[in-house]
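Single-letter residue listing:
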Amino acid sequence: MPTSEVTPGPALPSTTLTLVGASGQPVCAKVTEVGEGPPVVFLHGLVGLNDHWEDVVNRVHPRVRCVMLELPLLDLTDEDCSVDGVEELTSRFLDGHLDGPAVLVGNSFGGHVALRVALRRPELVRGLVLAGSSGLIERSMVRDVQIRPSREWLARKIGELFYDPMHVREADLDRAYRELTHREKARAMVRLSRTARKNHLGEQIGRIQAPTLLIWGRNDIVTPPEAAEEFARLLPDARLVWFDRCGHVPMVEKPDEFAAAMIRFADELDERTSGANGRGSR
């Protein structure tokens, strides 16, 4: 499978923050923040990093305050190592480190976490941007994840995330292989995957009132187009944007289009807020 070498741009400033979740154990999160304005928090997938958001963040941070939260998912243990536990860690971050509700931008497992936060802590969520979110329909790596997978299996599975496998980064493949050949990290991956699969949100999604932008690749085989259509049907206030020739990680394959859709959504949220304030002052 072809892979690409990406020349990184200037590193964005990041800090390490200690969170304490359901297990009571400290969890060291990497937080990268840039820009000013209403907060937008980016949540990665099971094998994701903050780095995977940077192409989008570099395009939108002049318009909004971008906060990328990277949790060490494969190092989590006990109650933290579940979709419930990651939701709790995320909520505690939002509650303790932001000065108001945020737009949550989540890809894959990160979208699932964002949905759960919106359901259980709606006061923390101003809006949602979901890209290839799990929670309804999911396939591929999340279904048949292996303990101590081979490099060939990983290359195939990571390749399935993209429409064009040239977007696969050799560094990501090396990292995934290094981490998932570690027995405890592989077990964490399996546990997180299974808890996400069991946590089918179904009709609960209808309770989410936050405005939602769905960004979906038409060639996503992990959370296929019918998942996007089902989210659009169940969410009371949702708009669906399709990207052609795009797979499960549109922020990597289509960063220009992703950023443009996010900026339009941010403008719409501001207009709603201004309109609501105007009505309230009369």
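Scroll up a little and you will see the structure.
All values derive from a computational prediction rather than experimental measurement.

What counts as what
- Residues numbered from 1 in each chain as written.
- Predicted model: local features only at pLDDT ≥ 70, side-chain atom pairs only at ≥ 80, totals over all residues.
- Heavy atoms only, no water.
- 1 Å grid on protein atoms, 1.4 Å probe; cavity = no way out; pocket = protein on both sides within 12 Å on 5 of 7 lines; lining within 4 Å.
- Points joined across faces, edges and corners; volume = space filled by probe spheres on them.
- Helix = DSSP H or I, 4+ residues; strand = E, 2+ residues; numbered from the N terminus.
- Nonpolar A, V, L, I, M, F, W, Y, C, P; charged D, E, K, R; others polar.
- Pairing = 2+ DSSP bridges.
- Axes fitted to C-alpha atoms, helices over the stretch in contact; angles between N-to-C directions.
- Contact = heavy atoms within 4.5 Å.
- Buried < 20%, exposed > 50% of the residue type's maximum accessible area, 1.4 Å probe, protein only.
- Right-handed = clockwise from strand over helix to strand, strands pointing away.

1. Focus on empty space enclosed by the protein
Next, step 1: For the coordinates displayed, the defined rule picks out 3 cavities of 30 Å³ or more.
Next, step 2: There is about 340 Å³ of room inside the largest cavity.
Next, step 3: Those elements that place two or more of their residues in the lining of the largest cavity are α4 (141–144), α6 (170–180), α7 (183–198) and α9 (250–253).
Next, step 4: Quantified by volume, the second largest cavity comes out at close to 80 Å³.
Next, step 5: Considering the residues around the second largest cavity, the lining is formed by L43, H44, L69, L71, L73, V86, T90, F109, G110 and V113.
Next, step 6: Elements represented by at least two residues in the lining of the second largest cavity include exactly α2 (83–97) and α3 (109–120).
Next, step 7: Counting residues per element, the lining of the second largest cavity draws most heavily on α3, which supplies 3 residues.

2. Details of the layout of surface pockets
Next, step 1: Empty space within the second largest pocket amounts to approximately 250 Å³.
Next, step 2: Around the second largest pocket, the lining comprises 19 residues; the ones closest to its centre are L49, E70, L71, P72 and L73.
Next, step 3: Taken together, the elements giving at least two residues each to the lining of the second largest pocket come down to β2 (26–34) and α6.
Next, step 4: Take the lining of the second largest pocket: its biggest share by element is 4 residues, from α6.
Next, step 5: Partitioning the lining of the second largest pocket into residue classes produces 11 nonpolar, 2 polar and 6 charged.

3. Observations regarding the sheet that holds strand β6 (residues 125–131)
Next, step 1: Read from one edge of the open sheet, 8 strands run β1-β2-β4-β3-β5-β6-β7-β8, paired in mixed fashion. In the strand order of this sheet, the two ends are held by β1 (14–20) and β8 (238–243), each with one partner. Taken pair by pair, the neighbouring strands of this sheet meet at an average axis angle of 25°, ignoring direction.
Next, step 2: In this structure, β2 lies alongside strand β4 (residues 65–70), joined through 5 bridges in antiparallel fashion. Counted as the bridge partner of V31 is L69 from β4.
Next, step 3: Across the sheet, helix α8 (residues 225–234) is in contact with β7 (212–217) and β8; its angle to β7 comes to roughly 170°.

4. Comments concerning the pairing of β7
Next, step 1: Within β7, 6 of the 6 residues are buried, which leaves it mostly tucked inside the rest of the structure.
Next, step 2: Side-chain alternation along β7 places T212, L214 and W216 on one buried face and L213, I215 and G217 on a second face that is also buried.
Next, step 3: Examined bridge by bridge, β6 and β7 share 4 bridges and lie parallel to one another. If you follow V129 over to β7, its bridge partner there is L213.
Next, step 4: Pairing of β7 with β8 involves 6 bridges; the strand directions are parallel. Counterpart to L214 in the pairing with β8 is L240.
Next, step 5: The handedness of the β7 to β8 crossover, carried by α8, is right-handed.

5. Some words on the environment of S108
Next, step 1: Relative to the helices and strands, S108 resides in the loop between β5 (102–107) and α3.
Next, step 2: Between the alpha carbons of S108 and S133 there is a distance of 4.0 Å; along the sequence they are 25 residues apart.
Next, step 3: The residues touching S108, leaving out its near neighbours within four places in the chain, are G45, A131, G132, S133, S134 and H248.

6. Some points on the side chain of H112
Next, step 1: By secondary structure assignment, the location of H112 is in helix α3.
Next, step 2: According to the relative accessible area criterion, H112 is buried, its value standing at 0%.
Next, step 3: Apart from the residues within four sequence positions on either side, H112 is in contact with V83, S133, S134, G135, A196, N199 and L201.

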